[in-house]
Amino acid sequence: MGFAVPDDTVLIGDGGLATELEARGHDLSDALWSARLLVDAPEEIIAVHADYFRAGASIATTASYQASFEGFAARGIGRDDAVRLLRRSVELAAIARNQVGAGWVAASVGPYGAALADGSEYRGRYGLSVAALQRWHWPRLEVLAEAGADVLALETVPDVDEAEALVNLVRRLAVPAWLSYTIEGTRTRAGQPLAEAFGVVAGVPQIIAVGVNCCAPDDVRPAIAAARQTDKPVIVYPNSGERWDTARRAWVGRSQFSAALATQWVSAGARVIGGCCRVRPADIASVARAVAKAP
């Protein structure tokens, strides 16, 4: 692992991996979500990673967000094969990176709630202790840490307790990682103030960036101010701003994600900028162009 945020550069992250896989005709309603294609269509994952790299991203985030040993077991996939698939998620991103010629691979470590596939990652407060969360995360985190990624992406974390569990494990593994909360307003999804939530990274050199993802674009600017108090580089990759209508099973509203907003985030102090749900390669391309022109 060798990822670092240079002092004089703004890095561009990728966008919604699942969004692009769906746009290519794949049904991701399975509980494994995009991780299902690690089994069924790995070449499609490579293609989407490559699309984001060609659009200007310098980071590919792997298809392991919703992958878990329990989720694979429910599909009849044993532990050894699950380990192989977790490793494959890193290998596929590396293949795409090598096709394009440069960039980093971030191994996605989604929250416990993502594996439940019931929206719990947007609520937190699972009723599990920090120790129990550590026990659940450890096997997957250990595999991904050894799989050859440049950095671990501890992402869409809704809750300070889960962040504490993940940070403790990263410290034990001694690998670089970023910590990214999913938020609403200026609080985590579980309701903790962001200034307090970012406190879990104090004195932990393995956490090399902090920030937010899978949130509304309007929530990014205040979050940057809170994240900068850690004196670590700030990473932001919000959703488009569209909303999932569960009754209609469709996205509604209009995208608010824009290159103009991205340049504002740079001015506010963000050092890594990308997108999450519904942010596509064309969006990343416009952000990359705008950031390149920004002072």
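Conventions and cut-offs
- Residues numbered from 1 in each chain as written.
- Predicted model: local features only at pLDDT ≥ 70, side-chain atom pairs only at ≥ 80, totals over all residues.
- Heavy atoms only, no water.
- Pairing = 2+ DSSP bridges.
- Helix = DSSP H or I, 4+ residues; strand = E, 2+ residues; numbered from the N terminus.
- Contact = heavy atoms within 4.5 Å.
- Axes fitted to C-alpha atoms, helices over the stretch in contact; angles between N-to-C directions.
- Parallel < 35°, antiparallel > 145°, perpendicular 65-115°, else oblique.
- Left-handed = near helix turned anticlockwise from the far one by under 90°.
- Nonpolar A, V, L, I, M, F, W, Y, C, P; charged D, E, K, R; others polar.
- Salt bridge = Lys/Arg side-chain N within 4 Å of Asp/Glu carboxyl O.
- Buried < 20%, exposed > 50% of the residue type's maximum accessible area, 1.4 Å probe, protein only.
- Phe/Tyr/Trp six-rings, centres within 6.5 Å; stacked < 30°, edge-to-face > 60°.
- Lys NZ or Arg CZ within 6 Å of the ring centre and 35° of its normal.

Peer 1: What's the story with the sheet that holds strand β2 (residues 59–61) in this structure? I'm lost.
Peer 2: One open sheet holds the eight strands; their spatial order is β1-β12-β9-β8-β5-β4-β3-β2, and the pairing between them is parallel. At either margin of the open sheet sits one strand with a lone partner, and together these are β1 (11–12) and β2. Summarising the sheet, strand β3 (residues 104–109) and strand β4 (residues 151–157) pair through four bridges and their orientation is parallel. In the sheet register, Ser108 faces β4, and the bridge partner there is Ala153. Contacts from helix α5 (residues 79–100) reach β2 and β3, with the element oriented near 155° to β3. Packing of helix α7 (residues 130–145) onto the sheet brings it into contact with β3 and β4, and relative to β3 it is tilted by some 170°.

Peer 1: I'm lost on the packing of α7 against helix α8 (residues 160–173) in this one. Help?
Peer 2: Two quantities define a packed helix pair, namely the angle between the axes and the distance from one axis to the other. In the contact formed by α7 and α8, the axes pass within 9 Å of each other and the chain directions differ by 45°. Accordingly, the angle class assigned to the pair α7 and α8 is oblique. For the crossing formed where α7 meets α8, the hand is right-handed. Residues Val130, Leu133, Gln134, His137, Trp138, Leu141, Glu142 and Ala145 of α7 form the contact with α8, whose own contacting residues are Asp161, Glu162, Glu164, Ala165, Leu166, Asn168, Leu169, Val170, Arg172 and Leu173. Counted by class, the contact of α7 with α8 contains 10 nonpolar, three polar and five charged residues.

Peer 1: What is the right way to look at the pattern of salt bridges in this model?
Peer 2: Opposite charge on two side chains lets them pair, provided their charged atoms get close. Evaluation of the coordinates by the stated rule reveals 11 salt bridges. Residues Glu44 and Arg24 are paired through a salt bridge, measuring 3.2 Å at the closest nitrogen-oxygen approach. One end of the pair, Glu44, is in helix α3 (residues 42–55); the other, Arg24, is in the loop between α1 (17–23) and α2 (37–40), with 20 residues separating them in the sequence. For Arg24, a relative accessible area of 36% corresponds to the partly exposed category. Across the pair Asp161 and Arg125 runs a salt bridge whose closest N-O atoms are separated by 2.7 Å. With Asp161 in helix α8 and Arg125 in the loop between α6 (112–116) and α7, this pair connects stretches of sequence that are 36 residues apart.

Peer 1: What am I meant to see in the packing of aromatic side chains here?
Peer 2: The relative placement of two aromatic rings is captured by the distance of their centres and the angle of their planes. Counted according to the given criterion, the structure contains seven aromatic pairs. On the numbers, 5.0 Å between centres and 65° between planes, the contact of Tyr112 with Tyr126 is edge-to-face. Residue Tyr112 is located in helix α6, and its partner Tyr126 is located in the loop between α6 and α7; the two are separated by 14 residues in the primary sequence. Put simply, the rings of Phe3, Trp104, Trp178 and Tyr237 pair up and form one aromatic cluster. Just above the ring of Trp138 sits the side chain of Arg172; from NZ or CZ to the centre is 4.7 Å.

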